[in-house]
Structure formats: structure tokens, C-alpha cells
Amino acid sequence: MLERHEIEAFLAVAEELHFRRATERLGLAQGRVSQIVGRLERRLGVALFARTSRKVTLTPAGQRLYDGLAPAHQEIQEAVAQALATGKGITGTLRVGFSSAWAGDMVLRTAEAFRRTHLGCLVEIQEIPLYDTFGPLRAGVVDLQLTEFPVEEPDLVAGSVIFSGTRAMMVPADHPFARQESVSVEDLARAPLIGVTGDSPPYWREYIWPSKTPQGKPIPRGPTFVYWLEVPPLVASGRGISVASLLAARYHGRPGLTYVPFCDAPPIDYGLIWRRDGFTSRVQAFTDTLCRIRAGRP
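Student: Teacher, can you tell me more about the overall build of the protein here?
Tutor: Secondary structure summary: the protein contains ten helices and twelve strands in total. Over its C-alpha atoms, taken along the principal directions, the protein stretches across nearly 70 × 50 × 30 Å. In the protein, which comprises 298 residues, the proportion classed as buried is 45%. Here the analysis covers contacts within the protein between residues at least 6 apart in sequence; of these, 71% occur between residues at least 24 apart. Total accessible area computed for the protein in this model is approximately 15100 Å², and 53% of it derives from carbon and sulfur atoms. Taking the 34 positively charged and 31 negatively charged side chains of the protein as two groups, their mean positions are separated by 5 Å.

As C-alpha cells, this is what we get:
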């Protein structure tokens, strides 16, 4: 009979194929996972892992044990999570917003995992337009939102940074900046900048689409947009340049566009926000699930 700590240690090493990472994943003291696995192998009388100075791999016996244990362990975890969700009353509908395609992917992955462990809670997902970044959250259209930071609103709470994207300049492919490996924030003064219009706070717009460079040079204004999907064609047609996360290149890459990273600008951070009076058990459970997935824990 295997003990719970033995199963968890074995599965962690089998999935990480690295004893240190497995130890960090389980939050144990250094060397503890190696000790647990070593004792388990001695007790079973078979080697579960082949270890060299460079890598760790499963032996045939270890692979067979993993194939049998992993699905059962996942079922147990989901059953426990469902029981806890029922006991905590995590039911009803949770509405989650996202501001970009890359944030949307993270929300969708989280929603899939959340639904498996909270069967009584429906998750609805929708995109939030950048022209009114916080309006839908304040109006109760969504309960939780994964969006660009900074957020400095007295009625809203910003959680920790979930992920960051290198800040880049989106330029036409034939623009002189497109031939450079990187650009400076000061270069923004040399071309009209396409920016968002609408009701988003000035400090938020200024952080992403500034009106002046750090040296105080004015940045010429280009066309404005309401929805992000307007930006790539505006840039590709030569109407101006834009600031974007380099993550956008994976979703909005197209002929005629180039993304050039800034060498002297901070990344664009993304995190969860919710109403100060709206931190429900559903919001907390979804937040915990997202953070677990971001940390690489299924």
C-alpha cells in the first residue's frame, strides 16, 4: 500500500523529471522528495527512475506505475475539490472578462479546469473593450477580469501579476524601425502613435500609450481606436505606430507588420482585478485555479 506522500512525491518527479523542481512544486525541504522516492523504491524492490548527472527518466516499471496512478489521483483530487465546492457553496454563475487574446487564452484554460472541480458553477467569458477597461466590472457585467496593469481604482482590487509581456513597438514592415533589433521609448517621438479612445483612466492610457517620452519630448498623436482589432490594419497601412505586448505577435501577426521590442521600457503586466465588495467564494476559487495553472500545477 502506498502512502499519500509517496504517491504525491512519485507523481511530481514523474511529471517534472527533475527532483529539485518536484521538491519546489510540493513545497518540501531540499532532498525530501529524493528520500521519499528512494525509500519507496527500496520497499517495492524496483527502480522507478533512471538517474544520471544530466537527466531523470522513468524506468519501464516507473512508467507502468505512473500510468496506473496518475488518472486515479486526478479523479481523487477532483472528487475532493467538488465536495469542498459543494460545502462552500461555490455554485451559480461566474462571469470572467479578459482584455486581449493572450489573456483570453489563460482565462479559457482556467475555466476548463475550474468547471471540472466546480460542477455547480457556470463560467461565462467575454472580451472587455480597451476603451472602457473597468466599466463592465463596475457595472456587474463581469465579476472578475484579467487585464493590463496598472490599476489604481479605490473601488477595485488588483491581485498579483499573473504574467508579463515584453513591451514592443508595432510598425509597418517597411518602416525604418522594422530593421532594428530594438527601439527606445524616445523613438516614439519620431512617428504618430495610435492610441485608444474612450473612458479608460488617463493614467492607464498614459502608461501604455504615453503622450511624452521620458525626456519630455511630445509624442505625435495618430488615429485612435475603440477595439484592438482596429490597430493592426491601421499600422500596416502606414497610419501610425502602436505600443503593444510582444505577445500580440502570436495572435495578430500579419504581412506588413513587424513587432520590435523596446530596450528601455518595462514589460506590460497582466493580473486579475475584482470589485472591492465582490470577492465571493466563486471569485476566490477561480483566482486560486488560475494561479495554480500559471504555476504549472494541474
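Student: Which parts of the structure should I look at to understand the packing of aromatic side chains?
Tutor: Two aromatic rings, taken as a pair, are described by how far apart their centres are and by the angle between their planes. Throughout the structure, instances matching the rule amount to eleven aromatic pairs. The interplanar angle of 85 degrees and the centroid separation of 5.7 Å between the aromatic rings of Tyr131 and Tyr227 together place this pair among those described as edge-to-face. Note that Tyr131 is positioned in the loop between β4 (121-127) and α6 (135-138) and Tyr227 in the loop between β9 (221-225) and α8 (231-236), a separation of 96 residues in sequence. Residue class for Tyr131 comes out partly exposed when judged on its relative accessible area of 26%. When the centroid spacing of 6.0 Å and the interplanar angle of 65 degrees are considered together, the rings of Trp204 and Trp209 count as edge-to-face.

Student: Can you help me understand the sheet that holds strand β12 (residues 268-275) in this one?
Tutor: With mixed pairing, five strands are arranged side by side in an open sheet as β4-β3-β5-β12-β6. Edge positions in the sheet fall to β4 and β6 (156-165), since each has one partner strand and no second. The sheet shows a mean angle of 20 degrees between the axes of neighbouring strands, direction not considered. Across the face of the sheet, helix α5 (residues 101-117) comes into contact with β3 (92-98), β4, β5 (144-148), β6 and β12 while running at roughly 175 degrees to β4. Across the sheet, helix α10 (residues 281-294) touches β3, β4, β5, β6 and β12, and the angle it forms with β3 is around 50 degrees.

Student: Help me out: how do you make sense of the side chain of Glu153 in this one?
Tutor: Topologically, Glu153 is positioned in the loop between β5 and β6. A polar contact of 2.5 Å, which involves the side chain of Glu153, links it to the side chain of Arg138. In this structure, Glu153 is in contact with Phe134, Arg138, Pro201 and Tyr203, ignoring residues within four places of it in sequence.

Student: Looking at this structure, I do not really get the pairing of β12. What am I missing?
Tutor: Looking along a regular strand, one sees the side chains alternate between the two faces of the sheet. The buried fraction of β12 is high, at seven of eight residues. As defined by bridge partners, β5 adjoins β12 across four bridges and the pair is classed as antiparallel. Along β12, the bridge assignment pairs Thr147 with Gly271. The sheet contact formed by β6 and β12 spans seven bridges and is antiparallel. Of the residues in β12, the one forming a bridge with Ser164 is Asp269.

Student: Explain the pattern of salt bridges here, please?
Tutor: When their charged atoms lie close together, side chains carrying opposite charge are able to pair. The tally for this structure, following the rule as stated, stands at 13 salt bridges. Among the salt bridges present, the one from Arg20 reaches Glu24, with a minimum N-O distance of 3.0 Å. With Arg20 and Glu24 both in helix α2 (residues 19-26) and four residues apart, this pair spans about one turn of that helix. The partly exposed category is assigned to Arg20, whose relative accessible area is 47%. Between Glu153 and Arg138 there is a salt bridge whose closest N-O contact spans 2.5 Å. Here the residue Glu153 occupies a position in the loop between β5 and β6, and Arg138 occupies one in helix α6, the gap between them amounting to 15 residues. Look at Glu153 and you get buried, because its relative accessible area is 14%.

Student: Honestly, α10 in this entry has me stumped. Any pointers?
Tutor: For α10, spanning 14 residues, the distance from its first C-alpha to its last is 20 Å, which sits close to the expected 20 Å at 1.5 Å a residue. Inspection of α10 places Val283, Ala285, Phe286, Thr287, Thr289, Leu290 and Ile293 among the buried residues, and these make up the whole buried set. Those residues of α10 that are buried are in contact with β3, α5, β4, β5, β6 and β12. Looking one or two residues past α10, Gly296 carries a phi angle of roughly 85 degrees, positive in sign.

Student: What am I meant to see in the sheet that holds strand β11 (residues 257-261) here?
Tutor: For sheets, the rule is that strands pair by backbone hydrogen bonds, running either parallel or antiparallel. Sheet architecture is open: three strands sit in the order β10-β7-β11, paired in antiparallel fashion. Here the strands that pair on one side only, and so sit at the sheet edges, are β10 (242-245) and β11. With direction set aside, neighbouring strand axes in the sheet form an average angle of 40 degrees. For strand β7 (residues 167-172) and β10, the ladder comprises four bridges, and the chain directions are antiparallel. Looking across to β10, one finds that Met170 is bridged to Ser242.

Student: I'm lost on α5 in this one. Help?
Tutor: Note: α-helices contain 3.6 residues per turn, so residues at a spacing of three or four share the same orientation. Under the 1.5 Å per step criterion, the end-to-end length of α5 is 25 Å for 17 residues, consistent within 8% with the ideal 24 Å. All of the buried residues in α5 are Trp102, Ala103, Gly104, Met106, Val107, Thr110, Ala111, Ala113, Phe114 and Thr117.

Rules used in this analysis
- Residues numbered from 1 in each chain as written.
- Predicted model: local features only at pLDDT ≥ 70, side-chain atom pairs only at ≥ 80, totals over all residues.
- Heavy atoms only, no water.
- Helix = DSSP H or I, 4+ residues; strand = E, 2+ residues; numbered from the N terminus.
- Buried < 20%, exposed > 50% of the residue type's maximum accessible area, 1.4 Å probe, protein only.
- Contact = heavy atoms within 4.5 Å.
- Areas by Shrake-Rupley, 256 points an atom, 1.4 Å probe, with all protein chains shown as cover.
- Lys, Arg positive; Asp, Glu negative; His and termini not counted.
- Charge placed at Lys NZ, Arg CZ, Asp CG, Glu CD.
- Phe/Tyr/Trp six-rings, centres within 6.5 Å; stacked < 30°, edge-to-face > 60°.
- Pairing = 2+ DSSP bridges.
- Axes fitted to C-alpha atoms, helices over the stretch in contact; angles between N-to-C directions.
- Polar contact = N/O pair within 3.5 Å; in protein donor to acceptor, adjacent residues only side chain to side chain.
- Salt bridge = Lys/Arg side-chain N within 4 Å of Asp/Glu carboxyl O.
- Expected span 1.5 Å × (residues − 1).

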